[in-house]
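An overview of the molecular structure
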Amino acid sequence: MRILHQMIGTIFKEGFHLEKKFIKPPVEIRYAEELAALKANDKGRKPENWFLSPKAVRTFILGSQEPIEYKGEQKTISKKFFGNDALVERCIITLAGNRGLMLVGEPGTAKTMLSELLSAAISGTSTNTIQGTAGTTEDMIKYSWNYALLLAKGPIKEALVPSPLYTGMSKGIITRFEEITRTPAEIQDSLISVMSDKVLNIPELEEEGLLFANPGFNIIGTANIRDKGVNEMSSALKRRFNFETVNPIQNVKLEKQIILNEVEQSAIADKIEMPIDTDVAELLAITYHELREGVSETGVKIDKLTAVMSTAEAVSVYYQTLSNAWYYEEDEIQLSELTENLYNAVCKDSRDDLEKLRGYFNTVVKTRAEEVGGIWKEFYKTRKYLK
Amino acid sequence: MERILQNKKIFKIIPFDYKQPIIYFPIRHHSPACSFHLINVIREYEPDCILVEGPQNANQLIPVLTDEDTILPAAFYYFYKDTDKLVNEEGNDYKCYYPFLNTSPEYNALMEAKKRNIESSFIDLPYGEILLHTAENMGIRTKREIANYNDDSYLSENKIFHALCEKTGLRSFEEFWEKFFEIDALYISSEEFAARMMSYCYLARQNTPKEKMQKDGCLIREQYMASNIREASKKYKRILVVTGGFHTPGLYELLGQEKKIPKIKLHNFSEEIQNVYPMRYSLEAADALNGYAAGMQNPGFYEMVWQGMKNKSPLKEGVSGIYSDAVLDILLKTAKAGNKENVLITMSDISSAVTMYEGLSLLRDKKAPGLYELYDCVQGCFVKGELNAASDIPLRILGKIATGSKIGKLCADAPKTPLLINFEELCVKYKLKRNTILEQKIELDIFSKPHHLEISRFFYQMDFLDADFAKRIKGADIIQNTDRSRIREVWSYSYSIKTDSALIDASAYGGTIKEACGVLSLKNLKNTQKCGEAAKLYAQCFLMGIDVSEEAVRKIEDIIIKDGDFFSISKGIYYFDMLDSLKTLYHIENITAEYFLNKCFQKIIIMLPSMIHVNAEHSQECIKICKMLYHLASKNKTNIEYEPLFEAFQTMILAKDPEPALYGAILGLLYGKDTLYRTKISGVLNGYLSGSEEMYSQGAVFLRGLFSTARDIVLVGDEFIKMINRLIKAFSMENFMEILPELKLAFSYFLPSEIDSIAKKAAALYDKKAEDVKENLELYKDMYTTGLQLEKEICALLGTPQGEQ
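Conventions and cut-offs
Residues numbered from 1 in each chain as written. Chains lettered and ligands numbered in written order. Predicted model: local features only at pLDDT ≥ 70, side-chain atom pairs only at ≥ 80, totals over all residues. Helix = DSSP H or I, 4+ residues; strand = E, 2+ residues; numbered from the N terminus. Buried ≥ 20, exposed ≤ 12 C-beta atoms within 10 Å, placed from the backbone. Contact = placed C-beta atoms within 7 Å. Rg over C-alpha atoms; globule rule 2.2 N^0.38 Å. Pairing = 2+ DSSP bridges. Axes fitted to C-alpha atoms, helices over the stretch in contact; angles between N-to-C directions. Core = buried A, V, L, I, M, F, W, Y, C linked by C-beta atoms within 7 Å. Nonpolar A, V, L, I, M, F, W, Y, C, P; charged D, E, K, R; others polar. Domains from an automatic or database assignment. pLDDT = per-residue confidence, 0-100. Left-handed = near helix turned anticlockwise from the far one by under 90°. Parallel < 35°, antiparallel > 145°, perpendicular 65-115°, else oblique.

A closer look at the overall build of chain B
Along the backbone of chain B there are 38 helices and 10 strands. Along the first, second and third principal axes, the C-alpha set of chain B runs to 110 × 60 × 55 Å. Evaluated residue by residue, chain B yields a buried proportion of 43% over its 805 residues. Partitioning the contacts of chain B with sequence separation of at least 6, the portion at a separation of at least 24 is 76%.

What follows is the structure, encoded as structure tokens:
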């Protein structure tokens, strides 16, 4: 973690390009130049300890139409979160206040990405994260001990192993708590006093045992509404958060654009040099949109699937198909493989979804194949892979 | 953005100069900012005449609108009856509203004129004339639930502003408008504001095709307004013209030319054809979210802002706080109302919400928080958990509060139709609240309390006039034949703008609501040729407590004689029989229902024999009617006798190729009267059994009809069980599967205990016990509930009451 922070600090100070060394670089590295450019041009009022002002954070996430000047060059800030600008604005203002931010929504609606973007823009780092699981314990949330040191020297500060929450409070940065509702309710509740009083009590350290949060500290939680009822949050904890519901993207055009952008980024990172087919992206965006909404563009009712039909899933289906074509040295992306990948993605939870998917092919895709032809005709031919 | 909206070039094209003899002030309807600057301009310019956009035929109502006792919202209600078919061949009635709120610039212009004792008038074409010059489905002829005279769609649906919204990151035209025209307006001079409006409207006009303006009557209206302005300019030296901003460039262009403006010849419509009335209006109806095309969203919020402007005259004390105060006020009201509805909203939530709306306004470069920041902070801080229909209560409460529930009141001198006066009197008499849009509930014990029966009749009358005032929630439904066993009625009622307008519309039919309903029902009756429809109208009159006139009696009699539709006559019988039996309960004297019932009965007896060849689709309905006639004859009513009916039944069974189900049902009815028909029935069933497979199928259909009227025939002896056994055995598997639904339907008429008895006899034929042949399928609660729900939905789709086949 410390090494990573040093690297990020160097990027902001010196602006050099870091050779890719990560499978998935954190946001602050991926968009290091944009962050540096915004920081250099940021004249807005900032809450204490914030890396960027709220206005610059907004620009970082929602993009700017006019380029900004940085080191003698015009730098365009790209839009990174699509669908609901007002939601992003509310998130920023929430984090500037006393309350935590809880992002809830269907899986694959970019909640995690939004929390990473917010953390990177506000605190300069998005990696100070607690991953909520059924096995998360209070130690993992608050602090634990280096037992060798503890046994040798007793409970001293050096023996304390800080958790991401501890780090967030001491450094005045955002702590991200992923999938908070996967964590047992009594463990979740250990956040209550931290969020109310902004203080963490470490009784073992006696007089030195109070950690007061530095300005800039806050918590961004994410929760999946499919986990609802697993570990319901207590109302006491709910009161300490402002909730934002992140919905799937409603606009097919936008969804297509996201598929294209995301697949392109991943392809560059993995050195896959194959062109991205916009028609296939559109086909996938329409298919996902219709299966998610349960109605076709022409108003035909479709059985809704129980599987998660998120944009992230669509990106994954496309990227898998693209990788397949690249590594097996095919000339272009194969629709039959796309359908197979779609089938694998859809039929994870329930076999009933296969019937529903077949129904979709036999009604909507068939009609479109007859009326529009082209790629839809080819897509319809691949229905035989739905076995 | 401010640069675009402060386009100096446009200001040169349409100057705003207090030295000019005519000043054009562009407005958006119901905008507090426009009202605020308009009043400033009037103070500065000191006009000697103010001309306002609005149909000219309402000029005589200006004193009513500006009377100090009139409380807004109020509206002018225009109607035009196209009896001469000038609009189109359909000859429809047209109506529309022109609402005024405290925030309306038009209203404030007229009030200022009154204060200054200067001339003011409307300058637009009368309503009927606008209709005549508008193409179908365009402008004022666009089909909407609530038709309005004014419409801001030119400003809000323009493509240029969609682009501007996208560029500025604002969610909608309304948010764009609020940021740049409502909030910003408080921080700029009136001249700057006029320039900004002018730029905006000029751009909107530039992006609107001339053909569209031509078709929706915009251009001809401007021509008429321009000629009125020119006429006024001959008499007055300082004229202020207040019109929707979209018209300002058009008017300026027309009047800037030295050319003569062609006169538009008006029709000389009588008051019965075209007229206008003042009426109360509600903030709820004036909300853009409720489909009012010229409205601003949540008018209650902007009324509060306007009140702030008036209390805190910006010229003297500065403008800061006007919006923040309104936002905070509504936020606190929302929290209070939320807590009443058991949504826990704490002081911490409120304080967090305040931080949020202030922070958002800064982030969005707004000079003060507005409606959108208010919604955002309630969503972010008051909604706990996922936003869905169960958790969005705070947002719904906010919507209600921000829309407002106020209803206006007209001054004592306002012209009122006799029906409106009668309505008010009756509301007072029955102690009904007539000034609330909140739903009120009342339970009426109609059979034991005469006063309650009167209220019920009043509600039925209002419903008949389509006044959107009262709705029966519970109680017997005589028209649909449901819940007939209920002895109480529960009604909900509340005011809506349709209440007053429906009463104005119905004024032509009488001086009281009851009289109007009587005349209108007779009018409807004259347009009817079906006995069923006439009887339904008769039933409505019964519920409304209206005596049927001699003319109506003659008309119904005539309809019965001329109507040749068997099913329509049968509907008549249903209604007349029911009303005849309910007359004592409903305290209706001198009812002619029995007379009509006899007439219908005589007529249907003549028609009955020919129904034996009815197609299978209608046979079930025919069986139902035959059963109804049979029960009617059993009641021993005067003039309704068994004999003619049985003669008709006997004629029917003699016919060749009868419809099997109906044939079975008629034989069953005859068996009910005379058990000797048992032999005939077994003979017929044997006949079906000795034919081809097609005949076997008809045998199953015959059984369905027979069991619907005489199921006991199976339970006497085992002769019929054996015949049914033969019938079933005769089918091939394929044909059996085909006929199975028919057989299932046939046996559905039996009670569970009867099924047990049949099973026993059937089992005995094969030396088995009843338990061996009976399939005891357990019916789960979920299955039953799903079945009921399915039936309900199918009935709703088919439009038939539940329980009917």
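Brief notes about the overall build of chain A
Each helix and strand in chain A was counted, giving 18 helices and 11 strands. Against the 2.2 N^0.38 benchmark of 21 Å for 387 residues, chain A shows a C-alpha radius of gyration of 23 Å, consistent with a compact globule. Principal-axis analysis of the C-alpha atoms places the extent of chain A at approximately 75 × 55 × 40 Å. Within chain A, the fraction of its 387 residues that count as buried is 40%. When contacts within chain A are restricted to residue pairs at least 6 apart in sequence, those whose partners lie at least 24 apart make up 69%.

Some points on the sheet that holds strand S9 (residues 470–474) of chain B
Residue and element names in this part refer to chain B. Pairing within the open sheet is antiparallel, and its 3 strands lie in the order S8-S10-S9. The sheet is open, and its two edges are formed by strand S8 (440–444) and S9, each paired on a single side. If you compare each strand with its neighbour and ignore which way they point, the axes differ by 30 degrees on average. Inspection of the sheet shows S8 paired to strand S10 (residues 489–493) by 5 bridges, in the antiparallel sense. Bridging from a neighbouring strand, Leu 444 pairs with Glu 489 of S10.

Regarding the nonpolar core
A:Ala121 and B:Val241 are the most contacted members of the largest nonpolar core, which has 260 residues in total. It is helix H10 (residues 190–206) of chain B that contributes the most residues to this core, 10 residues altogether. Dropping the residues within four chain positions of it, B:Val241 is found in contact with B:Ile22, B:Ile23, B:Tyr24, B:Phe25, B:Leu51, B:Ile229 and B:Leu251. Of all hydrophobic cores here, the second largest spans 32 residues; its members include A:Met309, A:Val315, A:Val346 and A:Leu357.

Here we look at the interface of chain A and chain B
Contacts between the two partners involve 24 residues from chain A and, on the opposite side, 20 residues from chain B. Going through the elements one at a time, helix H4 (54–62), helix H5 (85–96) and strand S11 (241–246) of chain A are the ones with two or more residues in the side of chain A that touches chain B. When residues in the side of chain A that touches chain B are grouped by element, the largest group, 8 residues, is from H5(A). A breakdown of the residues in the side of chain A that touches chain B according to their chemical character gives 9 nonpolar, 6 polar and 9 charged.

Looking at the domain arrangement of chain B
How big an interface is tends to be stated in terms of accessible area lost as the parts join. Structurally, chain B comprises domain 1 (2–49 + 68–116 + 126–295), domain 2 (320–403), domain 3 (418–509), domain 4 (659–773) and domain 5 (775–805). Of note, the centres of domain 2 of chain B and domain 4 of chain B, computed from C-alpha atoms alone, are 70 Å apart.

Section: the sheet that holds strand S3 (residues 74–81) of chain B
Residues and elements named next belong to chain B. Taken in spatial order, the 3 strands of this open sheet run S4-S3-S7, and their pairing is antiparallel. Looking at the sheet topology across the chains shown, the edges are occupied by strand S4 (93–100) and strand S7 (274–280). Strand after strand, the sheet turns through a mean of 20 degrees between neighbouring axes, direction not considered. When S3 meets S7, the two strands line up antiparallel, connected through 7 bridges. Within the sheet, the bridge partner assigned to Phe 76 lies in S7 and is Pro 278.

Thoughts on unusual backbone geometry
Residue and element names in this part refer to chain B. The omega torsion across Leu 72 and Pro 73 is 5 degrees, close enough to zero to call that bond cis. For Pro 73, the location among the structural elements is in the loop between helix H4 (62–65) and S3. Not every positive phi belongs to a glycine, and Lys 431 is a case in point at roughly 55 degrees. Tracing the chain through its elements places Lys 431 in the loop between helix H20 (418–429) and S8. We classify Lys 431 as exposed; it has 9 C-beta atoms within 10 Å. Backbone geometry places Asp 466, a non-glycine residue, at a positive phi of 60 degrees. Mapping Asp 466 onto the fold places it in the loop between helix H21 (450–464) and S9. A residue is classified by how many C-beta atoms lie within 10 Å of it, and Asp 466, with 13 of them, is partly exposed.

Here's the deal with the confidence of the model for chain A
All names here are of chain A. Per-residue pLDDT for chain A has a mean of 84; in total, 93% of the residues score no lower than 70. Ranking the helices and strands of chain A by mean pLDDT puts H5 first, with 93, and helix H1 (residues 2–14) last, with 49. The low-confidence segment residues 13–18 (pLDDT under 50) makes 7 contacts with residues lying over four places distant or belonging to another chain.

Structural notes on the packing of helix H16 (residues 322–340) of chain B against helix H18 (residues 371–382) of chain B
Residues and elements named next belong to chain B. One can describe the packing of H16 onto H18 by two numbers: an axis separation of 10 Å at closest approach and a directional angle of 35 degrees. By crossing handedness, the relation of H16 to H18 is classed as right-handed. Residue-level inspection shows Val 327, Ile 330, Leu 331, Thr 334 and Gly 338 of H16 in contact with H18, the latter providing Glu 373, Leu 374, Val 378 and Phe 382. In terms of residue class, the contact of H16 with H18 is built from 6 nonpolar, 2 polar and 1 charged.

Quick word on the domain arrangement of chain A
Residue and element names in this part refer to chain A. What the domain assignment lists for chain A is domain 1 (2–246) and domain 2 (252–385). Using C-alpha coordinates to define each centre, domain 1 is positioned 34 Å away from domain 2. Facing 7 residues of domain 1, the contacting portion of domain 2 comprises 8 residues.

Re the packing of helix H31 (residues 677–689) of chain B against helix H34 (residues 719–730) of chain B
Residue and element names in this part refer to chain B. Interaxial distance between H31 and H34 falls to 10 Å at its minimum, and their mutual angle equals 15 degrees. Considered as vectors, H31 and H34 are oriented roughly parallel to each other. Between H31 and H34 the crossing geometry is left-handed. Contacts from Ser 682, Leu 685, Asn 686 and Leu 689 in H31 reach Glu 719, Met 723, Arg 726, Leu 727 and Ala 730 in H34. Partitioned by chemical class, the residues of the contact of H31 with H34 number 5 nonpolar, 2 polar and 2 charged.

Some thoughts on the pairing of S3(B)
Residues and elements named next belong to chain B. In terms of burial, S3 is largely enclosed, as 6 of its 8 residues are buried. In this structure, S3 lies alongside S4, joined through 8 bridges in antiparallel fashion. The partner of Tyr 78 across the bridge, within S4, is Cys 96.

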